Structure formats: C-alpha cells, structure tokens
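Residue-level structural notes
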Amino acid sequence: DVKVTQSSRYLVKRTGEKVFLECVQDMDHENMFWYRQDPGLGLRLIYFSYDVKMKEKGDIPEGYSVSREKKERFSLILESASTNQTSMYLCASSTLILRGTPGETQYFGPGTRLLVL
Amino acid sequence: QKEVEQDPGPLSVPEGAIVSLNCTYSNSAFQYFMWYRQYSRKGPELLMYTYSSGNKEDGRFTAQVDKSSKYISLFIRDSQPSDSATYLCAMSDDTGNQFYFGTGTSLTVIP
C-alpha cells in the first residue's frame, strides 16, 4: 500500500518563526512535490524535486525553500513565516517517467494545516 | 488561459442520482488523467486514473477521456452521502515532472 506521510497534521506558528514541514514516502519515487491549497485557488506548486539534492521552483516559490537529502524525504522550509503563508500544505510523490503502468501516478500525503499568527 | 479548467460548483444531488463531473484542458501533450477525491481537511486521495484516451470503470465510478475534444469526465452512479467531497481532476504529460490540477468541484449528496 502506497504511503506518503507528513510530520504534522496541524501546526500553529508565530510570524517570523522558521517552520519545517517534513514529508516521507515509502514508494521509492524519484519525484516529490510540495503544494499549497487555498480556497478558490486550488493546488499551487511550490517546489518539486526529481532527484536527491535536486530541486526546481514551481509556480509560487517565494518565501519557501526545500531540502532533499535522501530519496524518501522532502522538506519544505518557511524561512520567516508570514500570515499569508497560512494554508494547507500537501506533499506528493510520483515516479520519474509515466509509462501507463498501473500505480505510476501521483500520491498525496494527508496534508499539514499551518496557521501563522 | 489556465491549463486545466474545472467548474467549482457547488453541486448538490439527491442520493441515488448519477453525477457528472468534468474538466477541460488545453495542452495536447497530456497523456495521464487522474481524478482525486478530497474530504474536508484531508489530503487528496487518488480515485481513478487513465492513460491516453478511453473509458475506465471501477465500481460506481467511470472515467472518460476524449483527447480530440480535450475533455475528461468522471461519472458516479448511485451516488451516496459518503461521496460528498471535493473532486479534483489532474493531468500530466509522460514526464511526470508536472501535474496540472483543476480547482476542484464540491459535491454534496443529500440523503
């Protein structure tokens, strides 16, 4: 059974704090993604990584950084949290190349609801 | 123009109804088409996926892809209150590097 886990389900932080969101997948997937989800805006890609120590900016990378030191783990870092970063953060993973083989698609974690006060 | 367009709803139907959810897209390179179900305050859960064109059926759910029209659909037969959720369509080309999502359609099935 495929599994993507995120370190926290709910998090409350203060403005200016450094925030770490951790994601771990057990499917040996090459690709990992961080999204944020806001009402009316849908899912927006923050960063993704297609290999260890590799990262690519998504649509809204400002105010965020990421770290991928191990294949199974992808961390999202808010260097100095701000109130406009209050959101639902979703991690996902997928295989590198989609060949139409069953199971080769994107799987999500349960999400972290972050509130920045 | 957005890569993927999805009517946000909300959609409200009586129990037992047939539900039709749809998305349109603009990128002809998309080959992988997915439907996710997301319950309130939870992460998206993969419901169905299809590769290239055609239909796929799984129990009460049927996914259809019409690449000539750039249009995909999810049908839910005999809808149940437990189907009440937001349904997201998603698409990708063969690289798997980027997934493009609709904004989601909120569905409520009334007992």
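That block above? That's the structure.
Residues numbered from 1 in each chain as written. Chains lettered and ligands numbered in written order. Predicted model: local features only at pLDDT ≥ 70, side-chain atom pairs only at ≥ 80, totals over all residues. Heavy atoms only, no water.

A few points about the pairing of strand β9 (residues 85-92) of chain B
Residue and element names in this part refer to chain B.
- The element β9 is largely enclosed, with a buried count of seven among its eight residues.
- As judged from the seven bridges shared by strand β4 (residues 32-38) and β9, these two strands associate in the antiparallel manner. Bridge pairing in β9 places Tyr36 opposite Leu88. (Buried < 20%, exposed > 50% of the residue type's maximum accessible area, 1.4 Å probe, protein only. Helix = DSSP H or I, 4+ residues; strand = E, 2+ residues; numbered from the N terminus. Pairing = 2+ DSSP bridges.)

Considerations on the state of the cysteines
- Within the structure shown, the criterion is met by two disulfides over all chains.
- The disulfide that involves Cys23 of chain A links it to Cys91 of chain A, with 1.9 Å between the sulfurs. Between Cys23 of chain A and Cys91 of chain A, the disulfide has an S-S torsion of -75° and is therefore left-handed. Of this pair, Cys23 of chain A sits in strand β3 (residues 19-25) while Cys91 of chain A sits in strand β9 (residues 87-94), and the two are 68 residues apart along the sequence.
- Relative accessible area serves as the criterion here: at 0%, Cys23 of chain A is assigned to the buried category.
- For Cys91 of chain A, a relative accessible area of 0% gives the class buried.
- The disulfide that involves Cys23 of chain B links it to Cys89 of chain B, with 2.0 Å between the sulfurs. Its torsion about the S-S bond being -100°, the disulfide of Cys23 of chain B and Cys89 of chain B is classed as left-handed. (Disulfide = S-S within 2.5 Å.)

Topic: the side chain of Thr112 of chain A
Residue and element names in this part refer to chain A.
- Here Thr112 shows up in strand β11 (residues 112-116).
- Judged by its relative accessible area of 1%, Thr112 is buried.
- When neighbours within four sequence positions are excluded, Thr112 is seen to be in contact with Gln6, Ser8, Arg9, Leu11, Leu21, Ser87, Met88 and Tyr89. (Contact = heavy atoms within 4.5 Å.)

What to know about unusual backbone geometry
Residues and elements named next belong to chain B.
- Residue Pro10 is bonded to the preceding Gly9 through a cis peptide linkage, with omega at 10°.
- Turning to its location among the elements, Pro10 is positioned in the loop between β1 (4-6) and β2 (11-14).
- For Arg41, which is not a glycine, the phi torsion comes out positive at approximately 65°.
- The topology assignment puts Arg41 in the loop between β4 and β5 (45-51).
- Positive phi, normally seen in glycine, also occurs at Ser52, with a value near 65°.

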